[in-house]
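# Reading the structure
Below, each chain spelled out in residue letters.
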Amino acid sequence: MRGEIMSEVVSYNREGNIGVITVNYPPVNALGQAVRSGLLAALEQGQKDTEARALLLVCEGRTFIAGADIREFGKPMQEPTLPTLVNTFENSDKPLVAAIHGTALGGGLETALSCHYRVAISSAKVGLPEVKLGLLPGAGGTQRLPRLTGARKALEMITTGEFVGAKDALALGILDAVEEGDDIRAVGMAYAQKVVDEGKPVRRVRDITDKIEADKGSDVFDQFRDELKKRARGLFSPFKCVDAVEAAFNLPFDEGMKRERELFMECMESPQRAGLIHSFFGEREVSKVKGLSKDTPVRDVKSVGIIGAGTMGGGIAMNFVNVGIPVTIVEVKQEALDKGLAIIRRNYENSAKKGKLTQEQVEQRMALITPSLTYDDFRDVDLVIEAVFENMAIKKEIFAKLDEVCKPGAILASNTSTLDIDEIASATKRPEDVVGMHFFSPANVMKLLENVRGSKTSDEVKATVMAVAKKIKKVGVMVGNCYGFVGNRMLHKRGTEAMSLVDEGATPQQVDKVLTDLGFPMGQFAMSDLAGIDVGYRIREERRKAGEDIPASWMDKLAEQGRLGQKTQAGVYKYEEGSRKPIPDPEVEQLIEQFRKEQGITPREITNQEILERCVYVMINEGAKILEEGIADRPLDIDIVWIYGYGFPAYRGGPMFWADQEGLDTILSAVKKYQDTVGGEQWEPAALLEKLVAEGRKFADL
Ligand code: 3HC
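The rules behind these values
- Residue positions are counted from 1 within each chain, in the order its sequence is given.
- At least 70 in pLDDT is required for a residue's local features to be given in this predicted model, at least 80 for side-chain atom pairs to be given and counted, and no such filter applies to totals for whole chains, interfaces and linings, which use all residues.
- For side-chain calculations, the full set of non-hydrogen atoms in the structure is used, while hydrogens and water are omitted.
- Secondary structure follows DSSP: runs of H or I at least 4 residues long count as helices, runs of E at least 2 residues long count as strands, and numbering of each begins at the N terminus.
- Atoms considered for the radius of gyration are the C-alpha atoms alone. The globule rule reads 2.2 Å times the number of residues to the power 0.38.
- Any two residues whose heavy atoms approach within 4.5 Å are treated as being in contact.
- Each accessible area is a Shrake-Rupley result for a 1.4 Å probe, and residues are judged covered by the shown protein chains and nothing else.
- The sign given to each residue is positive for Lys and Arg and negative for Asp and Glu; His and the chain ends receive no count.
- Where a charge lies is defined by one atom per residue type: Lys uses NZ, Arg uses CZ, Asp uses CG and Glu uses CD.
- UniProt positions are given in the numbering used here, feature names are shortened, and annotations may be inferred rather than shown by experiment.
- For cavity detection a 1 Å grid was placed over the protein atoms alone, and a set of points counts as a cavity when a 1.4 Å probe fits there but cannot get out; an open set counts as a pocket when protein lies on both sides within 12 Å along at least five of seven lines, with lining residues being those that have an atom within 4 Å of a point.
- Grid points are joined across faces, edges and corners, and a volume is the space filled by probe spheres set on the points.
- Three categories are distinguished: nonpolar for Ala, Val, Leu, Ile, Met, Phe, Trp, Tyr, Cys and Pro, charged for Asp, Glu, Lys and Arg, and polar for the others, with Gly belonging to the last.
- Between rings of Phe, Tyr and Trp, where Trp is taken as its six-membered ring, a pair exists when centres lie within 6.5 Å; planes separated by under 30 degrees are stacked, by over 60 edge-to-face, and by other angles tilted.
- Per-residue accessibility, obtained with a 1.4 Å probe over protein chains only, is compared with the maximum for each type, and a residue is labelled buried under 20%, exposed over 50%, and partly exposed between these values.
- For each residue, the test is whether any non-hydrogen atom lies within 4 Å of the molecule or strand; if one does, the residue is near.
- Pairs of N or O atoms within 3.5 Å make up the polar contacts considered here, provided that, within protein, one atom can donate a hydrogen while the other can accept it, and that residues adjacent in sequence are counted only when both atoms are side-chain atoms.
- DSSP-based pairing: two strands are paired if at least 2 bridges between them are found.
- To define axes, lines are fitted to C-alpha atoms, for helices over the stretch in contact only, and angles between the resulting N-to-C directions are given on a 0 to 180 degree scale.
- Orient the strands so they point away from the viewer; a crossover is then right-handed if the path from the first strand over the helix to the second runs clockwise.
- To form a nonpolar core, buried Ala, Val, Leu, Ile, Met, Phe, Trp, Tyr and Cys residues must be joined to one another through side-chain atoms within 4.5 Å.
- Note that a disulfide, as used here, is simply two cysteine sulfur atoms within 2.5 Å.
- Note on angle classes: values under 35 degrees are labelled roughly parallel, values over 145 roughly antiparallel, values of 65 to 115 roughly perpendicular, and the remainder oblique.
- Two helices cross in a left-handed way if the nearer one is turned anticlockwise from the farther one by less than a right angle. They cross in a right-handed way if the turn is clockwise.

### A look at the overall build of the protein
Across its full length, the protein holds 29 helices and 20 strands. Relative to the compact-globule value of 27 Å for 702 residues, the protein shows a C-alpha radius of gyration of 28 Å, a close match. Look at the contacts in the protein between residues 6 or more apart in sequence, and 73% of them connect residues 24 or more apart. Carbon and sulfur atoms make up 50% of the accessible area of the protein, which totals about 30,000 Å². Between the averaged position of the 91 positive side-chain charges in the protein and that of its 105 negative side-chain charges there is a distance of 2 Å.

What follows is the structure, encoded as structure tokens:
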């Protein structure tokens, strides 16, 4: 029988005695309205087809259904809804087989769970990642999954959103069979034929009750709620996920489905859902850089040179080695090289201890690193990343040497976090090949890569560093050249305000608490201790030398006393041996009091609201200036820098998205108030902010 088109995106045809329903909706076969209605029509066709003894659901393209169509969220729901679809599928009186390749996620896995049998190829993965979007599985996932896996595993999968590989999913009872190979249609057909030949019955997950009976009344739900208080601090939907799964154990199936729906709608209406979905699309949008296209040529990066084997250089090297790219690390002294390599080895050995790597993999990775004391070994590399400390003169010297040694076409990158890329490039005769690649500490962990274009950087080089980000599994954001680029330029404004707030009467812990209450994993001062108090001190000193008017600070005194942060077990806070937990230190309180006396400051009571406004609104005002100057192309570029580089809570969507929710008029009037009371260029209102408020528009409208 010829393929019959049920809709643009779903077709039905029969092969022998199997009715085949095929979804073809690139890129990921998401369950948009057309797919949902197409699936229902195809199912009806299959039911009516008297020759069809079993039905097979299979997808074209790179993956099985990857979930509901996220682009439809926030708009009025169109019929047929997903719960109607899955219930109709489950009620089919012909056996239904789902054949899974790629990823069966969210509504996709829920559709598969409404089929009576599930077969996958071994590379497939399944998961219910709704929680990462601030939601819970809203089409029976919380009711059907625990019927197959029991409570604990279902809670783990649903509250973390992590994917499970096909073989593990088979062991957990989510799948019925896993086959090798990549021809999913053939695998699905063979399984469906077996169902027919063996006369396998319609088997509905809703009717499987043994695991429900076994876990009824278990304390696992309360245990999970306790765990989540730590793991999911500030988040809304993980707790709702637990409530929904618990309903599968306390209520009959249909009532459980109703409860799931109510909880799903609560999540859908929460601002966290909007923030997380903005982050999801933002993470993907940032790869589309203004002025570049899919046709922009990209250079091959098959080997990398790194200058500096310190914490940064070592972390950067690991990113490349992890994806099989060989790295040559150059240091000035053998001792520094040995120390750097020993740290990399220790990191890998620790992963091996945790079972994340085998010893063989550790050795393979170490073998990809060539230590060296001479730049001559950079002769053949495709990309060099300089990761020495922030000093313009040294960087220029290094780039002049690189220009002499490196082959034509090699990309010369600096990991500078603040300095002028054009000035660095001016030390070479090839400024078009010079670019910033700003990694975030710890560089092997943090997902952000802030790529900085100089005024002469070529499009090819820009496209290549964006491709490199993807290759090493980072989120690359392209930004323009200015002091501190996007991230640190905004951070330094926040830092200055935070220091002044303490001058004026706040405690460091009060400032930090306001930031962690907003959802940051750590506050400004705990972060300074982690990065090293000397880092900020050195930057301030450099700027003072350059003639800038940077006022004295109590934090300079900490650095001068050798309180450099976690690494000396004392900074703004003190630390117990082996612990990273910041403990307020009376000695620092005294130092601050002394500083206030010296400066003639009478401390005053500072409210949490003032701290929030001065630390975060100042960033937004700066963000608006960054947009105005074209340093960031879009507000979402700033949002993604802050989410992945500094831990701005993804559920608030990043600073610019959050600013829209706060109200730009509220922010502008606070900025004007601080312009009068605090003063300084950071409180001069951004022209863009004034314009948007005057026009009644938001950052999202840009
Ligand atoms: N809806 C709409 N578009 C989607 C989508 C979805 N569910 N999932 C991915 N896309 C889009 C992406 O935005 C991207 O678009 P672009 O090319 O225009 O930027 C494109 O598909 C490809 O996505 P990726 O770049 O992420 O491709 P990868 O191959 O790296 O990853 C993926 C594929 C693993 C499927 C990944 O996209 C992903 O994790 N998607 C989200 C899956 C998800 O969260 N599903 C649950 C949805 S909520 C739900 O189902 C509710 C239900 O319970 C009621």
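Text resumes after the structure shown.
### Looking at the UniProt feature "domain: 3-hydroxyacyl-CoA dehydrogenase C-terminal" (unreviewed entry) in the protein
Under the feature "domain: 3-hydroxyacyl-CoA dehydrogenase C-terminal" (unreviewed entry), the UniProt entry names residues 484-575 and 611-697. In this annotation, residues 611-697 is assigned 70% helix and 0% strand; the end-to-end C-alpha distance for the span is 26 Å.

### A look at empty space enclosed by the protein
One pass over the full model with this rule turns up one cavity of 30 Å³ or more. For the largest cavity, the calculated volume is near 40 Å³. Around the largest cavity sit Pro-508, Gln-509, Val-572, Tyr-573, Pro-584, Asp-585, Val-588, Glu-589 and Ile-592, which together line it. Put simply, the parts of the chain that give the lining of the largest cavity at least two residues each are helix H20 (508-518) and helix H24 (586-599). The element that contributes the greatest number of residues to the lining of the largest cavity is H24, accounting for three residues. Broken down by class, the residue content of the lining of the largest cavity amounts to six nonpolar, one polar and two charged.

### Remarks on the packing of aromatic side chains
The full count for this structure, using the stated rule, is 11 aromatic pairs. For the pair Phe-520 and Trp-642, a centre-to-centre distance of 6.3 Å together with 80° between the ring planes defines the contact as edge-to-face. A residue pair is termed long-range when its members are at least 10 positions apart, and Phe-520 in the loop between H20 and helix H21 (524-531) and Trp-642 in helix H26 (residues 635-646) qualify at 122 residues. For Phe-520, a relative accessible area of 1% translates into the label buried. When its relative accessible area of 0% is taken as the criterion, Trp-642 is described as buried. Between Trp-642 and Tyr-646, the aromatic rings sit 4.2 Å apart at their centres with planes inclined by 20°, giving stacked as the arrangement. One end of the pair is Trp-642 and the other is Tyr-646, both in helix H26 and four residues apart, which spans about a single turn.

### Re the site of the ligand
As a structural note, the neighbourhood of the ligand is formed by 27 residues, with Arg-62, Gly-107, Glu-110, Glu-130 and Arg-284 the closest of them. Take Arg-62: an N or O atom from its side chain is 2.6 Å from an oxygen atom of the ligand. In the environment of the ligand, a nitrogen atom lies 3.0 Å from a nitrogen or oxygen atom belonging to the backbone of Ile-70. When the ligand sits alone it has 980 Å² of accessible area, and the protein chains cover 77% of it. Among the elements that take part in the shell around the ligand, helix H12 (residues 271-285) stands out by supplying three residues, more than any other.

### Describing the UniProt feature "domain: 3-hydroxyacyl-CoA dehydrogenase NAD binding" (unreviewed entry) in the protein
Within the UniProt annotation, "domain: 3-hydroxyacyl-CoA dehydrogenase NAD binding" (unreviewed entry) is assigned to residues 304-481. Segment residues 304-481 splits into 41% helix and 21% strand. End C-alpha atoms: 23 Å apart.

### Description of the sheet that holds strand E8 (residues 125-127)
Taken together, three strands build an open sheet; the order of strands is E6-E8-E9 and the sheet is mixed. A strand with exactly one partner marks an edge of an open sheet, and here the two such strands are strand E6 (103-105) and strand E9 (164-165). Lying over the sheet, helix H3 (residues 107-114) contacts E6 and E8, oriented at roughly 90° with respect to E6.

### Examining the pairing of strand E12 (residues 327-330)
Neither face of E12 is exposed, since Val-327 and Ile-329 on one face and Thr-328 and Val-330 on the opposite face are all buried. By the bridge criterion, four bridges tie strand E11 (residues 304-307) to E12 in an arrangement that is parallel. In the sheet register, Ile-307 faces E12, and the bridge partner there is Val-330. Taking the sense of rotation as the criterion, the β-α-β connection linking E11, helix H13 (residues 311-322) and E12 turns out right-handed. As paired strands, E12 and strand E13 (residues 369-372) are joined by four bridges and run parallel to one another. In the sheet register, Val-327 faces E13, and the bridge partner there is Ile-369.

### Digging into the sheet that holds strand E14 (residues 383-386)
Strand order in the open sheet formed by eight strands is E13-E12-E11-E14-E15-E16-E17-E18, with mixed pairing between adjacent strands. Where the open sheet ends on each side, the last strands, each with one partner, are E13 and strand E18 (475-479). The mean angle between the axes of side-by-side strands here comes to 25°, regardless of whether they run parallel or antiparallel. The pairing of E11 with E14 spans four bridges and is classified as parallel. When the bridges of E14 are listed, Val-304 appears paired with Leu-383. Across the sheet, helix H18 (residues 459-471) touches strand E15 (411-414), strand E16 (434-439), strand E17 (448-453) and E18, and the angle it forms with E18 is around 155°.

### Regarding the nonpolar core
Ranked by size, the top nonpolar core spans 93 residues in total, and within it Phe-378, Leu-402, Phe-525, Trp-554, Trp-642 and Phe-699 carry the most contacts. Examining the composition of this core, we find that 11 residues originate from one element, helix H25 (residues 608-628), more than from any other. Those residues within four positions of Phe-378 in sequence are excluded, and the remaining contacts are Gly-305, Ile-306, Ile-307, Thr-328, Val-330, Val-384, Leu-402, Val-405 and Cys-406. Of all hydrophobic cores here, the second largest spans 70 residues; its members include Leu-39, Leu-55, Phe-89 and Ala-169.

### Digging into the side chain of Asp-403
The residue Asp-403 is located in helix H16 (residues 392-405) in this model. Among the polar contacts made by the side chain of Asp-403, one reaches the side chain of Arg-430 at a distance of 2.7 Å. With sequence-adjacent residues up to four places away left out, Asp-403 is seen in contact with Leu-412, Thr-428, Lys-429 and Arg-430.

### Details of the state of the cysteines
Within the structure shown, the criterion is met by zero disulfides. Left without a disulfide partner, Cys-59 is nearest to the cysteine sulfur of Cys-115, which lies 10.0 Å away.

### Describing the packing of H3 against helix H4 (residues 141-149)
Axis separation between H3 and H4 bottoms out at 10 Å; the angle between their running directions is 60°. If you check the angle between H3 and H4, you find them oblique. H4 is crossed by H3, and the crossing has left-handed handedness. Along its contact with H3, which presents Glu-110, Leu-113 and Ser-114, the element H4 presents Gly-141, Arg-144, Leu-145 and Leu-148. Grouping the constituent residues of the contact of H3 with H4 by class yields three nonpolar, two polar and two charged.

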